[in-house]
Amino acid sequence: MPSARPVSPGAGEAPARPPNLVARLFWTGVTGASIAFWYGPAAFAGTGLALAAVLARHLDRPRRLRARVRRIARRHGETLALRRRQERFEDAYGNLIDDGWLRECDYFLDRTVLPQLGARDADLFDRERPRMLAVIEAAAADIDLPDEDEAPEDGIAYERFCAGLLTRAGWRTHRTPPSGDQGADVVAEREGIRLIVQCKRLGRPVGNAAVQEAAAALRYWEGDRAAVVSNAGFTPAARRLAGATGVLLLHHGDLAELEVEV
């Protein structure tokens, strides 16, 4: 797994340092002893309690770090749950393939979570990484998504299903002929924007070829944007190509509230 990188401080800011337990105990002890010199045994007892509190708070840092990760993950719970569904599938031998979901968790941790935690706890990131990833997994698993059974299994029926979702969202849609579609299954228009859609009902992540076909269909059908819609996830290669070509990668659940900008 890639190691976590501490967040760089802004210009002119001193880098945040992890709390130093030895220094905190030393200065708490020195301050408490000075006070106890004037106020007697009761102050010595108070100093002992203060030292114990400093130690307990320091030892509790990993738990508090995971609690912060949990709060961030829960804010993105529905998106994480959808990505978990998309990126996990069974192969032809009945094995659960979740490589894509594990990469998604790493990506979410590095790009979304760690920048919000800041550099003060950076000394814990590598050590706590497996536990933070487990927190993200639990947050995604806690969300109940709508049943996938509503999406037809048949490819042609799935195209009609996606076109219907777009129509209900306010798009004017028409399906392309089964032959000679040049990579487009649905052409949708709204507010002067023409969206070229390819629909993929699969049991595994969608690969590069679908993105290439959608990009070609965009030019053939003179569209403004192109999208690949699927019930499954997308391979890393497909995501990279989509980023380079501007093709949208969508789950059919995104169509009900789809907003597209040119």
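Cut-offs used in this document
Residues numbered from 1 in each chain as written. Predicted model: local features only at pLDDT ≥ 70, side-chain atom pairs only at ≥ 80, totals over all residues. Heavy atoms only, no water. Axes fitted to C-alpha atoms, helices over the stretch in contact; angles between N-to-C directions. Helix = DSSP H or I, 4+ residues; strand = E, 2+ residues; numbered from the N terminus. Parallel < 35°, antiparallel > 145°, perpendicular 65-115°, else oblique. Contact = heavy atoms within 4.5 Å. Nonpolar A, V, L, I, M, F, W, Y, C, P; charged D, E, K, R; others polar. Phe/Tyr/Trp six-rings, centres within 6.5 Å; stacked < 30°, edge-to-face > 60°. Buried < 20%, exposed > 50% of the residue type's maximum accessible area, 1.4 Å probe, protein only. Pairing = 2+ DSSP bridges. Salt bridge = Lys/Arg side-chain N within 4 Å of Asp/Glu carboxyl O. pLDDT = per-residue confidence, 0-100. Expected span 1.5 Å × (residues − 1).

### A look at the packing of helix α4 (residues 77–86) against helix α5 (residues 99–117)
Here α4 crosses α5 at 150°, and the two axes come no closer than 9 Å. Considering the angle they form, α4 stands roughly antiparallel to α5. For the pair α4 and α5, contact is made by Leu80, Arg83 and Arg84 and by Trp101, Glu104 and Phe108, respectively. Looking at the contact of α4 with α5, its residues break down into three nonpolar, no polar and three charged.

### Some details on the packing of aromatic side chains
Tallied over the entire structure, the rule returns two aromatic pairs. Taking 6.1 Å as the distance between ring centres and 25° as the angle between the ring planes, the aromatic pair formed by Tyr158 and Phe161 counts as stacked. With a gap of three residues between them, Tyr158 and Phe161 both fall in helix α7 (residues 155–168), about one helical turn apart. Phe161 sits in the buried class, given a relative accessible area of 16%.

### Considerations on the sheet that holds strand β5 (residues 193–200)
The pairing of strands in a sheet comes from backbone hydrogen bonds and takes either a parallel or an antiparallel form. Across the sheet, which stays open at both edges, the five strands sit in the order β3-β4-β5-β6-β7 with mixed pairing between neighbours. The sheet is open, and its two edges are formed by β3 (172–175) and β7 (248–251), each paired on a single side. Within this sheet the neighbouring strands show an average axis-to-axis angle of 25°, counted without direction. Bridge analysis of strand β4 (residues 186–190) against β5 gives five bridges, and the strand direction is antiparallel. Bridge pairing in β5 places Glu189 opposite Arg194. Against the sheet, α7 contacts β3, β4, β5 and β6 (225–230), and its axis sits at roughly 170° relative to β3.

### Overview of the environment of Ala210
Note that Ala210 resides in helix α8 (residues 208–220). Along the primary structure Ala210 and Gln198 are separated by 12 residues, whereas in three dimensions their C-alpha atoms are 7.6 Å apart.

### Digging into unusual backbone geometry
Residues other than glycine seldom take positive phi values, yet Glu191 does so here, at roughly 50°. The class of Glu191 is exposed, set by a relative accessible area of 71%. The phi dihedral of Glu222 is positive, around 55°, even though this residue is not glycine. Mapped onto the fold, Glu222 is located in the loop between α8 and β6.

### Comments concerning the pattern of salt bridges
Per the stated rule, a full pass over the model turns up 15 salt bridges. The residue Glu137 makes a salt bridge to Arg84 at a minimum N-O spacing of 2.9 Å. Of this pair, Glu137 sits in helix α6 (residues 122–141) while Arg84 sits in helix α4, and the two are 53 residues apart along the sequence. Of the charged contacts, one joins Glu259 and Arg190 as a salt bridge, the two residues approaching to 3.3 Å between their closest N and O atoms. Taken together, the residues span a long stretch of sequence, with Glu259 in the segment after β7 and Arg190 in strand β4 at a distance of 69 residues. Using a relative accessible area of 13% as the deciding quantity, one classes Arg190 as buried. Each of Arg61, Arg68, Asp121 and Asp123 takes part in salt bridges that share partners, so that together they form one network.

### Focus on the confidence of the model for the protein chain
Of all residues in the protein chain, 74% attain a pLDDT of 70 or more, and the chain-wide mean is 80. Across residues 1–15 the pLDDT falls below 50, and counting only partners more than four positions away or on other chains, this stretch makes 20 contacts in the model.

### Points about the side chain of Arg83
One can find Arg83 in helix α4. Classification of Arg83 by relative accessible area gives buried; the value is 9%. If near-sequence neighbours (up to four positions away) are discounted, Arg83 is found in contact with Trp101, Glu104 and Arg239.

### Some details on α7
Here α7 spans 20 Å end to end across 14 residues, near enough to the 20 Å set by a 1.5 Å rise per residue. On the buried face of α7, the contacting elements are β3, β4, β5 and β6. Residue Gly170 follows α7 closely and has a positive phi angle near 100°.

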